[in-house]
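Examination of the molecular architecture
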Amino acid sequence: MSVRRLAAEQPASFAFTPDNLAWAQGVIAKYPEGRQASAVIPLLWRAQEQNDYWLPKPAIEYVGRMLDMPYIRVLEVATFYTMFNLEPVGKYFIQLCGTTPCRLRGAEDIIKVCQDRIGGQHHVTPDGLFSWLEVECLGACCNAPMVQINNDYYEDLTTENFNRLLDDLAAGRPVKKGPQNARHASEPEGGVTTLTDPALYDGSAVGAWRKRFQEEEAKAKAAASEAGATEKKAADDKAIAAEAAANPKPGKPSDMTAGTKATDTPAHRVAAGKEAVSAADRAKAGDATKSSSDEPSSKRPKAPTLDKASSYAANPNQGEAKKPADDTAKG
Ligand code: FES
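A quick note: this is a predicted structure, and the numbers were derived from the prediction, not measured.

Cut-offs and rules
Once a new chain begins, its residue numbering starts again from 1 and follows that chain's sequence as written. Local features in this predicted model are restricted to residues whose pLDDT is 70 or higher, and side-chain atom pairs enter the listing and the counts only when it is 80 or higher, whereas totals over whole chains, interfaces and linings include all residues. Excluding hydrogens and water, the side-chain values take into account all heavy atoms of the structure. Only DSSP runs of H or I with at least four residues qualify as helices, and only runs of E with at least two residues qualify as strands; both kinds are numbered from the N terminus onward. Three exposure classes are used, based on accessible area relative to the maximum for each residue type with a 1.4 Å probe and protein chains only: buried under 20%, partly exposed in between, and exposed over 50%. Throughout, a residue-residue contact means that at least one pair of heavy atoms, one from each residue, lies within 4.5 Å. Note: two strands are recorded as paired if DSSP finds a minimum of 2 bridges between them. The predictor's confidence in any single residue is recorded as pLDDT, a number from 0 to 100. Axis lines are fitted to C-alpha atoms, over the contacting stretch for helices. Their N-to-C directions set the angle, which ranges from 0 to 180 degrees. Each crossing is labelled by how the near helix is turned from the far one, with a counterclockwise turn of less than a right angle marking it left-handed and a clockwise turn marking it right-handed. Each residue receives one of three labels: charged for Asp, Glu, Lys and Arg, nonpolar for Ala, Val, Leu, Ile, Met, Phe, Trp, Tyr, Cys and Pro, and polar for the others, Gly being one of them.

Notes on the overall build of the protein
From N to C terminus, the protein includes 12 helices and 5 strands. Sorting the 331 residues of the protein into buried and exposed places 26% on the buried side. Relative to all contacts within the protein whose residues are 6 or more apart in sequence, the contacts with residues 24 or more apart total 58%.

This is how it looks when you write it as structure tokens:
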């Protein structure tokens, strides 16, 4: 949590430069009459930029007058947002992230470098080059630890590369913004490890997902159709079995009488929990066979003798030579 107070030493006055004044009037004109206070943040920011990146009390009052706002309302805005510096800062103002991910990745070491080279927070080096402040997460946690210097981020810091960075800034040498190691943006160190298939970038994969979905859908439909056919066959078999049980075929000729239904078939007897053929019927069938074979041949019925016509009918494969003369043809 930062303490937000106006600096003890303040300039006597503040006014926009002609260029900044013209710009400020353009910003104010964007808002409808009576809503000029909506321009307070851009105007305070421009005032801070003009005044070496800090907001003196005269600048806050100047903006209040331009926007017809009570001073206290403008002061509320300036003290609420930590992007407004209320005291002088170095030419290179370092905002150092001290939140958990950066702490876990070595922010303590970076703080130590700042303390050793610059001094305490809210302190500007005698040459006016550096000051630093610990702030909350700056949203670059994947490149922790990191600092913001003026408007740029410097990430993946170590004591070595941070010291080198401060040396370069102090000497006026060009510096590299972003990650201070060989890493590109927030990619893994050593290069990307995912999405490396070149087909992802040459257009050949366009629509592949659709083809795959269509194939899977067709497979699912075929499986459902096969399951339906099996189910239908089972239902048909069941219906046929039920029909057969309800209307069984006659078990033997003696059960059949014209216009009546068979009621004593093996199926009926099994359905009623009885034997398909009763013991008595089996015995009777066995006796009949026995008595038939034991009967003297003189008592057995004589086989009928066939005349010429009936012998043809009984044996139609004997050929045309034995076919009786066609009476119709003769006549
Ligand atoms: S924790 Fe340091 S940038 Fe988020």
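Read on, since the account is not over.
Overview of the sheet that holds strand S2 (residues 130–135)
Read across the open sheet, the 5 strands follow the order S2-S1-S3-S4-S5; overall the sheet is mixed. In this open sheet, the two edge strands, each paired with only one partner strand, are S2 and strand S5 (178–179). Relative to S5, strand S4 (residues 152–155) runs parallel, the two sharing 2 bridges. Each residue of the ladder has a partner; that of glutamate 155, found in S5, is proline 179.

Description of the confidence of the model for the protein
In this model, the protein carries a mean pLDDT of 85, and residues with pLDDT of at least 70 account for 81%. Segment residues 291–295 is flagged for pLDDT under 50; beyond a separation of four residues in sequence, or across chains, it makes 3 contacts in the model. Confidence over residues 318–331 falls short of pLDDT 50; this stretch has 5 contacts with residues more than four positions distant or in other chains.

Quick look at unusual backbone geometry
The step from alanine 144 to proline 145 runs through a cis peptide bond, and the omega angle for that step is -5°. Position of proline 145 relative to the elements: it lies in the loop between S2 and strand S3 (147–149). Of note in the backbone geometry, asparagine 150 takes a positive phi value of approximately 55° without being a glycine.

Description of the packing of helix H2 (residues 40–50) against helix H3 (residues 57–66)
Relative to each other, H2 and H3 sit at 145°, their axes nearing to 10 Å. In terms of crossing hand, the pair formed by H2 and H3 is right-handed. Between H2, through Val40, Leu43, Leu44 and Ala47, and H3, the contact on the second element is made entirely by Ala59, Ile60, Val63 and Met66. Residues that form the contact of H2 with H3 fall into these classes: 8 nonpolar, no polar and no charged.

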